[in-house]
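One letter stands for each residue in the lines below.
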Amino acid sequence: MELAMQIKEQTFLKEKDRLLSFIRNRVSTVEEAEDILQDVFYQFVAGYETIESIDRVTSWLFSVARNKIIDRYRREAARPQRADFAGMATQEEDAPITLQEILPDLGNTPEDSYLREAIWEAIMEALDELPPEQREIFILNEIEERSFRDIAEETGVSINTLLSRKRYAILALRKKLQRLYNDI
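Residues numbered from 1 in each chain as written. Predicted model: local features only at pLDDT ≥ 70, side-chain atom pairs only at ≥ 80, totals over all residues. Heavy atoms only, no water.

Draft legend 1. The arrangement of the side chain of asparagine 141 in detail. Tracing the backbone through its elements, the reader meets asparagine 141 in helix 7 (residues 132-143). With a relative accessible area of 14%, asparagine 141 lands in the buried category. A polar contact is formed between the side chain of asparagine 141 and the backbone oxygen of arginine 146, at a distance of 2.9 Å. (Helix = DSSP H or I, 4+ residues; strand = E, 2+ residues; numbered from the N terminus. Buried < 20%, exposed > 50% of the residue type's maximum accessible area, 1.4 Å probe, protein only. Polar contact = N/O pair within 3.5 Å; in protein donor to acceptor, adjacent residues only side chain to side chain.)

So this is what it looks like as structure tokens:
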């Protein structure tokens, strides 16, 4: 047991600078590189017994580092970047506004699931705060996927009025989600 610990320590001392340099050349900050290096050596210590040959430790470490870097980029790509809904609203005031435009494209990681849940909770809170006419048109059109023509025929309200109500609903949702994104 003592011998294994010495080998792990010697390997760490021997490889840490090269490995950190390798990682640093592929990520944006020193802190991020150090985090990945720590993850690599944690995995090395935890999975030492699974490494087939002591001669292959270096290649194993670099493979793990490469995989950790790829994982980090995937996580970053899946995470929504800061959204500027206020800027979006002023760019195209008359453009059709949909829920899809204000929701980030998320993957299936646990972080994405948590974020998706937080977004839907914020949307539901925002819907509860809307005037009833805006909430109704938003739900009918976005959630139930009914056309404005069908809704207008059923309610007797003009399509232009329905479009206006939905626009105000989306703008309110944008504000609510912008606060959520800022907190993230």
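Draft legend 2. The packing of aromatic side chains, seen in detail. All chains considered together, the criterion is met by 4 aromatic pairs. For the ring pair phenylalanine 22 and phenylalanine 62, a centre distance of 5.1 Å and an interplane angle of 75° mean the geometry is edge-to-face. One end of the pair, phenylalanine 22, is in helix 1 (residues 2-24); the other, phenylalanine 62, is in helix 3 (residues 57-78), and 40 residues separate them in sequence. Judged by its relative accessible area of 12%, phenylalanine 22 falls in the buried class. A centroid spacing of 6.1 Å and a plane angle of 90° characterise the contact between phenylalanine 41 and phenylalanine 44, whose relative ring orientation is edge-to-face. Here phenylalanine 41 and its partner phenylalanine 44 are both found in helix 2 (residues 30-46), 3 residues apart, which amounts to about one turn of the helix. For phenylalanine 41, a relative accessible area of 8% corresponds to the buried category. Three or more aromatic residues link up through ring pairs in this structure, and these residues are Phe12, Phe41, Phe44 and Trp60. Positioned above the aromatic ring of tyrosine 168, the side-chain terminus of arginine 167 is 5.7 Å from the ring centre. (Phe/Tyr/Trp six-rings, centres within 6.5 Å; stacked < 30°, edge-to-face > 60°. Lys NZ or Arg CZ within 6 Å of the ring centre and 35° of its normal.)

Draft legend 3. Seen up close, a nonpolar patch on the surface. Together, Trp120, Met124 and Ile143 line one region of the surface with nonpolar side chains, adding up to about 260 Å² of accessible area. Looking at where isoleucine 143 falls in the secondary structure, it is placed in helix 7. We classify isoleucine 143 as partly exposed; its relative accessible area is 42%. (Patch = residues over 30% accessible without salt bridge, like charges linked within 9 Å, V, L, I, M, F, W, Y side chains within 5 Å. Areas by Shrake-Rupley, 256 points an atom, 1.4 Å probe, with all protein chains shown as cover. Salt bridge = Lys/Arg side-chain N within 4 Å of Asp/Glu carboxyl O.)

Draft legend 4. Representation of helix 7 in the model. The terminal C-alpha atoms of helix 7, which comprises 12 residues, lie 15 Å apart, in line with the 16 Å expected from a rise of 1.5 Å per residue. Listed as buried for helix 7 are Gln134, Ile137, Phe138, Leu140, Asn141 and Glu142. Directly after helix 7, the chain includes glutamate 145, whose backbone phi takes a positive value near 55°. (Expected span 1.5 Å × (residues − 1).)

Draft legend 5. Molecular detail of a negative patch on the surface. Together, Glu31, Glu34, Asp35 and Asp39 make up a negatively charged patch on the protein surface. Of note, glutamate 34 is situated in helix 2. For glutamate 34, a relative accessible area of 40% puts it in the partly exposed group. (Lys, Arg positive; Asp, Glu negative; His and termini not counted. Charge placed at Lys NZ, Arg CZ, Asp CG, Glu CD.)

Draft legend 6. Expanded view of the environment of threonine 155. Counting through the fold element by element, threonine 155 comes out in helix 8 (residues 148-155). Overall, threonine 155 belongs to the partly exposed group, its relative accessible area being 34%. Looking at threonine 155, its side chain comes within polar contact range of the main-chain oxygen of isoleucine 151, at 2.8 Å. Reaching out from threonine 155, the side chain makes a polar contact with the backbone nitrogen of valine 157 at a distance of 3.3 Å.

Draft legend 7. Looking closely at the confidence of the model for the protein chain. On average, residues of the protein chain score 76 in pLDDT, and 74% of them are at 70 or above. Ranking the helices and strands of the protein chain by mean pLDDT puts helix 8 first, with 92, and helix 4 (residues 85-91) last, with 44. In the predicted structure, residues 78-96 sits below a pLDDT of 50 and forms 24 contacts with residues beyond four places in sequence or in another chain. (pLDDT = per-residue confidence, 0-100. Contact = heavy atoms within 4.5 Å.)

Draft legend 8. Structural view of the pattern of salt bridges. As enumerated under the stated definition, the model contains 3 salt bridges in all. One salt bridge in this structure joins arginine 18 and glutamate 15, with 3.7 Å as the shortest N-O distance. With a gap of 3 residues between them, arginine 18 and glutamate 15 both fall in helix 1, about one helical turn apart. Relative accessible area serves as the criterion here: at 48%, arginine 18 is assigned to the partly exposed category. For glutamate 15, a relative accessible area of 2% puts it in the buried group. A network of salt bridges, in which partner residues are shared, links Lys14, Glu15 and Arg18.

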